[in-house]
Amino acid sequence: MGERFENNIAGRLDRLPLCSVQWKLWLVHEICWILGSVGLGTATFVLASIGNEFTLTSTTKGLVASSTYLGMFFGASLSGYLGDKFGRKKMLVISIFIWSLASLGLAWSPNITAFWVFRFFLGLGMGAQFPMTQSMLSELFPANSRGRAICLMEGGFPLACILAGLISWVALMYVDWRYVFFIQALGGLCVFMVIYKIPESARWHESVGQLDKAKEIVVAMEAQVIKVTGKSLPEIPEPIIDEKDYSNKSKLAQLLERNQIKKTLTLWTLWFCVLFGFYGLNTWISALLVNAGFSVVKSSGFVLLMYLPAIPGYLCATYFVEIYGRKKMIFSYLILAAVFCYFYGQSKTLTELFVFGCCMQFFMFGMWSLIYTYASEVFPTRIRSTGCGTTSSAGRMGSLIAPTLFGLLLPYIGNAGLFNLGAAIFFIGGTVTLIFGVETKGKRLEEIRSL
């Protein structure tokens, strides 16, 4: 094997046949993703109980959710840069420690001020975790299966919301909301799986000049794949070399270069629209049912039932993303989410609420799989973590603004007005992506940077 091909870390990873070696690493990431996402789901189910204990208004309830998203904004921004500089795995471990300890703090909170502080740190940890997982999985899987692997991974989010609903629904029958956060904190034990089961990204080692470490990881994976499949490996493809010198440019400056800026701005817009609409609506969906006359427990059970279609929603996205491509799927899911948001806001009967709510969650949760896949592909390895972090931060800004804004607008425009606003934002995000986005289906990560 020539040195030119031996040093082609990306090519050696892309030529590996897909087998249990990659999927075992994916499973560890998925477990951590689900446990880290539970903290976002529990807010929907316990917001009414927290409001009763601390005597919160609709505006201050919105601030409870917004404090989490403020933390996620800073977490995603900082971890993106630090992940590119110090490594994905280190930041993944740190992020899990942060949200686990913050969950314990939430269970202890003696007043609303302490609760807001710990919600901020909960968001900081979760916001830091998600871009790391995105980056690591996109750098692990070959081009023809990368989209489905990341779509399937993001399917852990609706599963996490369902798990959060089950925990909250059962716990609130017997104990108060503090136990929900204590159970949530126990999920942080997954950090030991990361420490002992997940290697650092070989592509990241290569991007920072640590070629020997990158080779060590790839050689170990190649040996495992040969053992599992019982077959020799395909030939290593020609390396795709980027001759440009980036040594004097910051990570952010590289995101805004001429050949990258359109991709960056498109992803920032898409993420802002998706998270603004999603969190603006889902933060309030349970509380709105309580306002309509349902008890806290009944409304939690009702929302939990509406979350169930999220599973076929992301499974459909996972199947079709490698057939129709990222852009068409993102546009379709966002437009259909907008349609059913509108009809949910106009619903007058329990049957209408249930049917349109299920359809709405099918597409709202499914689109998460698509945007996480797309965001992890359009940035070069040297700035992938920074790119994923900044796009996530743009989204977190939307999720930071939306819950409080919706709380302020609710007395003036009502439930229907809130869902109409969410529908309009989804429409904007889908249209911008269709017009300005690049298609990444079936392309090696190193090819996409030239599109």
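Above this text you will find the structure in question.
What this report covers is the structure whose coordinates are included nearby.

1. Points about helix H16 (residues 310-324)
Here is step 1 of the chain: Counted at 1.5 Å a residue, the expected span for H16 with its 15 residues is 21 Å, and the 20 Å between its end C-alpha atoms agrees.
Here is step 2 of the chain: The largest bend in H16 is about 25°, located at Thr318.
Here is step 3 of the chain: Buried residues of H16: Ala310, Gly313, Tyr314, Ala317, Thr318, Val321 and Glu322, and no others.
Here is step 4 of the chain: Positive phi shows up at Gly325, right after H16, with a value of about 95°.

2. Observations regarding the pattern of salt bridges
Here is step 1 of the chain: Inspection of the entire model under this criterion finds 11 salt bridges.
Here is step 2 of the chain: Between Arg12 and Glu222 there is a salt bridge, and its shortest N-O distance comes to 2.8 Å. In this pair, Arg12 sits in helix H2 (residues 9-14) while Glu222 sits in helix H12 (residues 211-229), placing the two residues 210 residues apart along the sequence. In terms of burial, Arg12 and Glu222 fall into one category: buried.
Here is step 3 of the chain: Between Arg146 and Glu377 there is a salt bridge; the shortest N-O distance is 2.9 Å. Here the residue Arg146 occupies a position in helix H7 (residues 143-154), and Glu377 occupies one in the loop between helix H18 (350-375) and helix H19 (384-436), the gap between them amounting to 231 residues.

3. Topic: the environment of Thr373
Here is step 1 of the chain: Relative to the elements of secondary structure, Thr373 occurs in helix H18.
Here is step 2 of the chain: Residue classification places Thr373 among the buried positions, given a relative accessible area of 0%.
Here is step 3 of the chain: Note: C-alpha distance between Thr373 and Ile150 (223 residues apart in sequence) is 5.4 Å.
Here is step 4 of the chain: Setting aside residues up to four positions removed in sequence, Thr373 forms contacts with Gly147, Ile150, Cys151 and Arg326.
Here is step 5 of the chain: Of note is the side chain of Thr373, whose polar atom sits 3.3 Å from the backbone nitrogen of Cys151.

4. What about the side chain of Glu154?
Here is step 1 of the chain: Within the secondary structure layout, Glu154 lies in helix H7.
Here is step 2 of the chain: Buried and unpaired, Glu154 has Arg396 as its nearest opposite-charge partner, separated by 7.8 Å.
Here is step 3 of the chain: Setting aside its immediate chain neighbours within four residues, Glu154 contacts Trp33, Trp368, Ser369 and Tyr372.

About the criteria used
Residues numbered from 1 in each chain as written. Predicted model: local features only at pLDDT ≥ 70, side-chain atom pairs only at ≥ 80, totals over all residues. Heavy atoms only, no water. Helix = DSSP H or I, 4+ residues; strand = E, 2+ residues; numbered from the N terminus. Expected span 1.5 Å × (residues − 1). Bend = angle between axes of the 7 residues up to and from the residue. Buried < 20%, exposed > 50% of the residue type's maximum accessible area, 1.4 Å probe, protein only. Salt bridge = Lys/Arg side-chain N within 4 Å of Asp/Glu carboxyl O. Contact = heavy atoms within 4.5 Å. Polar contact = N/O pair within 3.5 Å; in protein donor to acceptor, adjacent residues only side chain to side chain. Lys, Arg positive; Asp, Glu negative; His and termini not counted.

Don't take any of this as a statement about function, it's just geometry.
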